[in-house]
Amino acid sequence: MFYKLVGLRGPLALFLKLGILGGADAFMIWLISAAINKSSFIIAGVVTAALVFINYSFITKGSIPLKFLAVGLVFFSIFVVTPTGYTILMSTYNFKTGNEIAKAAAINELINNGIVSDSEGTAYDLFLGKTSNGNYAGILENQVTKEVLYADEKGVRPVGDSEISRDISGYITGADGIKTLTDEEFANEDAVITALRFPLGDGSYAAPQGSNVAARLIQSVVYDPVTDQLENKELGITYVDNGNGNFVVKDDPSTRLEPGWRTYSGFDNFRSLFLDEKLRNPFIKVFIWTIAFAFLSVGTTFAVGMALALALEAPIKFRRFYRGFLILPYAIPSFMSILIWRGLFNKEFGAINTLLGLDIAWFDSPWLARFAVLLVNLWLGFPYMYLIGSGALQSIPKELEEAASIDGASEKQTFYTIKLPLLLQILGPLLIASFAFNFNNFNIIYLLTGGGPTNAIDGEVAGATDILISYAYKTAFGSNFQDLGLSSAISMVMFVIVGTMSMYTLKKSKIMDTL
Amino acid sequence: MNKKRIGVVGAIAAAALAVSALAVPSAFAAKKSIVIWADETKGPALLKLVKDMGKSVPGYTVDVKSFASYTALQDAWDKATSATGPDLLLGDGAFATKGAKAGNIQSLIISSATRQAFSKGAFEALSVNGRIYGIPTDVDTTAMIYNTAMFATAPKTIGDIYDYYIKNKATLTNGVCSFNGSWGAQPMLTALGGGAWGYKNGKPDFTDVVFNSAAFKANVAKYLIGADGKTNNFFSYDGCDTAFKAGKTPIALVGAWNMSSIEATSVKFAWGALPGTTAGTFGKQWGGVSGVYLTSYATTHGVKTGANQLLNKFFATEAGQLSFNEAQKDQRPLAHITAAAKTKDKNAAGIGAASVNSIGQINGALGNKTGGSDWYAVLGDAMTDIFAGKDVSTTLDKGAAVLKQNFANHAKG
């Protein structure tokens, strides 16, 4: 169809199609390979599915409509379905600071943290190399006692001076049966060298800490995969898996080891959100303000936008200039406008206080901060409502107004009984979209007030102007303690609220029936 | 060949081309690389030292990624994965606290010689649950400077400064100015008998919250509040630096990073420590330590031993610290004892002398917000409320209740 539309057909169209498809395939295969290299298997899987789907759609003649939808569906699945699915998944995990990595990685870290130096901090000068059969071996010289040992992965034994050679400074530079490593060999085998252990025979071992230094270490924490327990042999403490992503002291579960790991927690995040007073109270407060903010934002911008649209419907002088002027706030990037407004509201240097002779800390009072947020959002939002209102007004047939006028209706009656119902019918979907947009209007809150003011000395978590999306952001990234699982749960609640309200309103208003 | 077959062949050919294109770079495998991340203050200096660092780890290359800001570094670190993360990371002590908890910063085995090369406090600041998580680089702390046109010698008590301020109020903006917000206000809090926690046997006692101590309440009311119940402007920690530089404030609490802008003015100053309410006592400033951290990604990248070697042979040595300091042109006191002694900058020496009086900035406790808000938020709000006229005692008690929970939960681990 497309080729016909642009006048292309025959072999040229076929080769063009194959060229574009081949290019897309090459790009996606490169993406898959890069994703696999970075161990991002979910991304690799999604791109593979997209590759198969696109090729099926374009190579076969099975489904013509798919050709038009395929690319859109792929992007929809990558940018909407996958993040949504991932958010749903994360909301069922205890994914937070201290519980971020997988259990195996956490056990590795705990074992690594359980490696300690001996009490004297014994260190050795190390000459490291390989034996003729390719195994690692080294000469250890105690930096204090100057005792010299031959070491390999089986153990250590004393070495005589005749078996080693030294440089002018006295450092060991060679040993019988050990071939030294080049710098490149050392670097290339870093992972193997990192894992080297030369047992010292008393439970401790020497391990390389660089190319020519080793330390005597003791593994104080050991993991038993059969019982899934950690044991600190030095302190005689056993740690058990508490089922919630941490090893805890067997006899005192309130004492836990960190790091923990992320683990499936079912509906715990949702349960905490609704039942834990510390989370529930700020959540309810934020929820109420979010609804109020979204309704008031849509209401005020619609009222002002429509009023201006009605005012400029009449053929007044300089109408074009006014119309152009009114959409200026819409033309300026919103983040710039918000930052300028933040400056205007500044207590010390802001134009508002200076011009009006006031001394008001606008962002320190909850109600003034909310007022400021609504005012700035009105400034940012009314041009949009003005534009769509003007368009909608022009689409209402003039005959209706004339008929009402002939029937003796006043202008007010005409507006409220004819124009407004029609406008709402036309603009309904856009108002719902505007509500959903403002429900998640992160920019204005983050840039204008940062969600504040927050009464920290009362231990408040959420600020007076925080809406659910900024609260979710704070929960996820707002401090050194990040709770991504809880934040995902908040996002899911927002998704359900906005989705339900939009569906209900669309269904009730029967707007979709007329589209 | 029909159209369908041509399509399949075309797709396969494209795929083969893509795969072969990917195979080419692997044939030219580069040297193993140790990747270091740092912010805009340390990154550019490290970039100048890539060659020097490379000499400590022959066989490896050293790559530095310098971020545009501390926030950008933090943000990237939060999002780092084994595929993208660095092997070494430079940052403040908060990275140690958070990284130990998250498991993406590794604890270090430190030799006795290296331990002795640094002050005990430096390693303590980068320790979590008794394990060391970083090699200290420099000390982030403040000191007092006084305008020598107003005080010929260092004031003996806070009362001396207060009396001078009251006497010359018409020409002064403040008595004492903290250039570094509520963090830099710590000497004033402690000079007045307040602060975060008390000390028992020289160690922090997290059960003893001194934020609402009787002495602090009384001294705040006496020195910081005017007859109208609001701030008397004797002390400010917000936007007061301009007044000091204009000669309208006698005392400032400053960090090394503030010095270039002060030296650009005509104000003559001398170094000291903010005095307490009685002669011979002094306020104590936070002593934060920045460090170099070995990440868990170094293990997954197969460069852990090399990265460890770079830590020990460059960052933990006197020569390494001095060259890093020189490249940074920084006046922050170095954490390495002999390197710090060899620093010639007089401001670094001034701050260094003051840092002896500093108290450990324990980020885990200060950043804990299990009581609702962390130390900095509580302090900021409390001071704002008190300066705006709210009751001193009630406000400090409310703040202390939050801090008590924070510190108790931090102590529990």
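Residues numbered from 1 in each chain as written. Chains lettered and ligands numbered in written order. Predicted model: local features only at pLDDT ≥ 70, side-chain atom pairs only at ≥ 80, totals over all residues. Heavy atoms only, no water.

Quick look at the overall build of chain A
Here comes step 1: Each helix and strand in chain A was counted, giving 20 helices and 16 strands.
Here comes step 2: Here the C-alpha atoms of chain A give a radius of gyration of 35 Å, more than 25% beyond the 24 Å that 2.2 N^0.38 yields for 515 residues.
Here comes step 3: Summarising its shape, the C-alpha atoms of chain A cover approximately 120 × 75 × 50 Å along the three principal directions.
Here comes step 4: Taking all 515 residues of chain A together, the buried fraction comes to 42%.
Here comes step 5: Considering only residue pairs separated by 6 or more positions, chain A has 58% of its internal contacts joining residues 24 or more positions apart. (Helix = DSSP H or I, 4+ residues; strand = E, 2+ residues; numbered from the N terminus. Rg over C-alpha atoms; globule rule 2.2 N^0.38 Å. Buried < 20%, exposed > 50% of the residue type's maximum accessible area, 1.4 Å probe, protein only. Contact = heavy atoms within 4.5 Å.)

Here we look at the overall build of chain B
Here comes step 1: Scanning chain B for helices and strands turns up 21 helices and 15 strands.
Here comes step 2: The principal-axis extents of the C-alpha atoms in chain B amount to approximately 100 × 50 × 45 Å.
Here comes step 3: Here chain B, with 413 residues, has 54% of them falling under the buried criterion.
Here comes step 4: Expressed as a percentage of contacts within chain B between residues at least 6 apart in sequence, the contacts between residues at least 24 apart total 75%.
Here comes step 5: Of the accessible surface of chain B, which amounts to about 16,800 Å², a share of 57% is contributed by carbon and sulfur atoms.
Here comes step 6: Positive and negative side-chain charges of chain B, numbering 40 and 28 respectively, have mean locations separated by a distance of 7 Å. (Areas by Shrake-Rupley, 256 points an atom, 1.4 Å probe, with all protein chains shown as cover. Lys, Arg positive; Asp, Glu negative; His and termini not counted. Charge placed at Lys NZ, Arg CZ, Asp CG, Glu CD.)

Things to note about the packing of aromatic side chains
Here comes step 1: This model, assessed by the stated rule, comprises 48 aromatic pairs over all chains.
Here comes step 2: Plain terms: the ring middles of F186(A) and Y60(B) are 6.5 Å apart, the flat faces sit at 75 degrees to each other, and that makes the pair edge-to-face. On the criterion of chain membership, the pair formed by F186(A) in helix 6 (residues 183-188) and Y60(B) in strand 2 (residues 60-66) is interchain, its members lying in two chains.
Here comes step 3: Note on Y60(B): relative accessible area 4%, which makes it buried.
Here comes step 4: Ring geometry for F235(B) and Y237(B): centres 6.3 Å apart, planes at 35 degrees, overall tilted.
Here comes step 5: Overall, the relative accessible area of 2% leaves F235(B) in the buried class.
Here comes step 6: Each residue in the set W197(B), F206(B), F211(B), F216(B), W286(B), W375(B) and F407(B) is aromatic and connected to the rest through ring pairs, giving one cluster. (Phe/Tyr/Trp six-rings, centres within 6.5 Å; stacked < 30°, edge-to-face > 60°.)

A few points about the sheet that holds strand 12 (residues 221-224) of chain A
Residues and elements named next belong to chain A.
Here comes step 1: Judged by pairing direction, the sheet is antiparallel, and its five strands sit side by side in the order 12-13-14-15-16 without closing on themselves. The open sheet has two edge strands with one neighbour each: strand 12 and strand 16 (252-256). Adjacent strand axes in the sheet meet at a mean angle of 35 degrees, parallel and antiparallel pairs treated alike.
Here comes step 2: Taken together, the three bridges between strand 14 (residues 237-241) and strand 15 (residues 247-249) define a ladder with antiparallel strand orientation. Counterpart to D241 in the pairing with strand 15 is F247.
Here comes step 3: In the packing of helix 5 (residues 103-113) onto the sheet, the strands contacted are strand 12, strand 13 (229-232), strand 14 and strand 15, and the crossing angle to strand 12 comes to about 150 degrees. (Pairing = 2+ DSSP bridges. Axes fitted to C-alpha atoms, helices over the stretch in contact; angles between N-to-C directions.)

A few points about the domain arrangement of chain B
Interface size, as often reported, equals the accessible area lost upon joining of the parts.
All names here are of chain B.
Here comes step 1: Segmenting chain B into domains produces domain 1 (32-140 + 287-352) and domain 2 (142-284 + 368-412).
Here comes step 2: Summarising the inter-unit geometry, the C-alpha centres of domain 1 and domain 2 are found 31 Å apart.
Here comes step 3: With seven residues of domain 1 at the interface, the matching set in domain 2 holds ten residues.
Here comes step 4: On the surface where domain 1 and domain 2 come into contact, there are zero salt bridges.
Here comes step 5: Examining the composition of the side of domain 1 that touches domain 2, we find that four residues originate from one element, helix 18 (residues 346-355), more than from any other. (Domains from an automatic or database assignment. Salt bridge = Lys/Arg side-chain N within 4 Å of Asp/Glu carboxyl O.)

Quick look at the nonpolar core
Here comes step 1: Counting residues in each nonpolar core, the largest one holds 51 residues, and the members touching the most others are F211(B), F234(B), F235(B), L274(B) and W375(B).
Here comes step 2: Take this core: its biggest share by element is seven residues, from helix 20 (residues 375-387) of chain B.
Here comes step 3: Non-local contacts of L274(B), meaning those with residues more than four positions away in its chain, are made with M144(B), I158(B), I161(B), V176(B), P187(B), M188(B), A191(B), I251(B), L253(B), T281(B), F282(B) and G283(B).
Here comes step 4: Core analysis: the second largest hydrophobic core is formed by 50 residues, L128(A), A117(B), A122(B) and L294(B) among them. (Core = buried A, V, L, I, M, F, W, Y, C linked by side-chain atoms within 4.5 Å.)

Some thoughts on helix 5 (residues 93-102) of chain B
All names here are of chain B.
Here comes step 1: Where burial is concerned, most of helix 5 is hidden: eight out of the ten residues are buried.
Here comes step 2: The complete set of buried residues in helix 5 reads G93, A94, F95, A96, K98, G99, A100 and A102.
Here comes step 3: Next to the buried residues of helix 5 lie helix 4 (70-79), strand 3 (88-91), strand 4 (127-128), strand 14 (286-294) and helix 19 (363-367).
Here comes step 4: Immediately beyond the C-terminal end of helix 5, within one or two residues, lies G103, with a positive phi of roughly 90 degrees.

Thoughts on helix 8 (residues 158-167) of chain B
Residues and elements named next belong to chain B.
Here comes step 1: Taken together, the buried positions of helix 8 are occupied by I158, G159, I161, Y162 and Y165. Relative to the axis of helix 8, the buried residues are bounded by an arc of 160 degrees and lie together on one face.
Here comes step 2: As for helix 8, its buried residues are in contact with strand 8 (176-178), helix 10 (186-191), helix 11 (214-224) and strand 12 (251-255). (Arc of directions from axis to C-beta.)

Quick word on the interface of chain A and chain B
Here comes step 1: Tallying the contact residues gives 55 residues for chain A and 59 residues for chain B.
Here comes step 2: When the area that chain A buries against chain B is broken down by residue, the three leading residues are Q209(A), I457(A) and N480(A), summing to 14%.
Here comes step 3: Taken together, the connections running from chain A to chain B amount to one salt bridge.
Here comes step 4: Between K101(B) and E258(A) there is a salt bridge; the shortest N-O distance is 3.0 Å.
Here comes step 5: On inspection of chain A and its partner chain B, the count reaches 19 residue pairs in polar contact (both at pLDDT 80 or more). (Buried area = accessible area lost by both parts, 1.4 Å probe. Polar contact = N/O pair within 3.5 Å; in protein donor to acceptor, adjacent residues only side chain to side chain.)

Here we look at the confidence of the model for chain B
Here comes step 1: On average, residues of chain B score 87 in pLDDT, and 91% of them reach the 70 mark or higher.
Here comes step 2: Throughout residues 23-28 of chain B the model reports pLDDT below 50, and contacts reaching past four residues in sequence, or to other chains, amount to zero contacts. (pLDDT = per-residue confidence, 0-100.)

Comments concerning the pairing of strand 10 (residues 203-209) of chain B
Residue and element names in this part refer to chain B.
Here comes step 1: Taken together, the four bridges between strand 9 (residues 197-200) and strand 10 define a ladder with antiparallel strand orientation. Its bridge partner lying in strand 10, G198 is registered against D205.
Here comes step 2: The antiparallel pairing of strand 9 with strand 10 creates a hairpin that spans two residues between the two strands, and N201 there sits at a positive phi of about 55 degrees.

Digging into the pairing of strand 3 of chain B
Residues and elements named next belong to chain B.
Here comes step 1: Neither face of strand 3 is open: one carries L88 and L90, the other L89 and G91, and all of them are buried.
Here comes step 2: In this structure, strand 1 (residues 32-38) lies alongside strand 3, joined through two bridges in parallel fashion. Directly across from W37, in strand 3, lies its bridge partner L89.
Here comes step 3: Pairing of strand 3 with strand 14 involves four bridges; the strand directions are antiparallel. Looking across to strand 14, one finds that L88 is bridged to L294.

Re the sheet that holds strand 8 of chain B
Residue and element names in this part refer to chain B.
Here comes step 1: Overall, mixed pairing links the five strands, which are arranged 11-8-12-7-13 in an open sheet. Each edge of the sheet is formed by a strand with only one pairing partner; in this case those strands are strand 11 (235-236) and strand 13 (269-272).
Here comes step 2: In the sheet, strand 8 pairs with strand 11 via two bridges, with the strands oriented parallel. Among the inter-strand pairings, V176 is bridged to a residue of strand 11, identified as F235.

Remarks on the environment of G198(B)
Here comes step 1: Structurally, G198(B) is set in strand 9.
Here comes step 2: Once residues lying within four places of it in the same chain are set aside, the contact partners of G198(B) are K203(B), P204(B), D205(B), D208(B) and V210(B).

Thoughts on the side chain of N246(A)
Residues and elements named next belong to chain A.
Here comes step 1: Note on placement: N246 falls in the loop between strand 14 and strand 15.
Here comes step 2: In this structure N246 comes out as buried when scored by relative accessible area, which is 1%.
Here comes step 3: Only 3.1 Å separates the side chain of N246 from the side chain of N99, close enough to count as a polar contact.

What to know about the side chain of T142(B)
Here comes step 1: Within the fold, T142(B) resides in strand 7 (residues 142-147).
Here comes step 2: Excluding residues within four positions of it along the chain, T142(B) makes contact with N180(B), W183(B), G184(B), P187(B), V254(B), G255(B), Q285(B), W286(B) and A354(B).

With respect to the state of the cysteines
Residue and element names in this part refer to chain B.
Here comes step 1: Counted by the stated rule, this structure contains one disulfide over all chains.
Here comes step 2: Here C177 is linked by a disulfide to C240, with a sulfur-sulfur distance of 2.0 Å. Measuring the twist about the S-S bond at about 80 degrees, one finds the C177-C240 disulfide to be right-handed. Of this pair, C177 sits in strand 8 while C240 sits in the loop between strand 11 and helix 12 (241-245); the two residues are 63 residues apart in sequence, bridging distant segments of the chain. In this pair, the class of C177 matches that of C240, namely buried. (Disulfide = S-S within 2.5 Å.)

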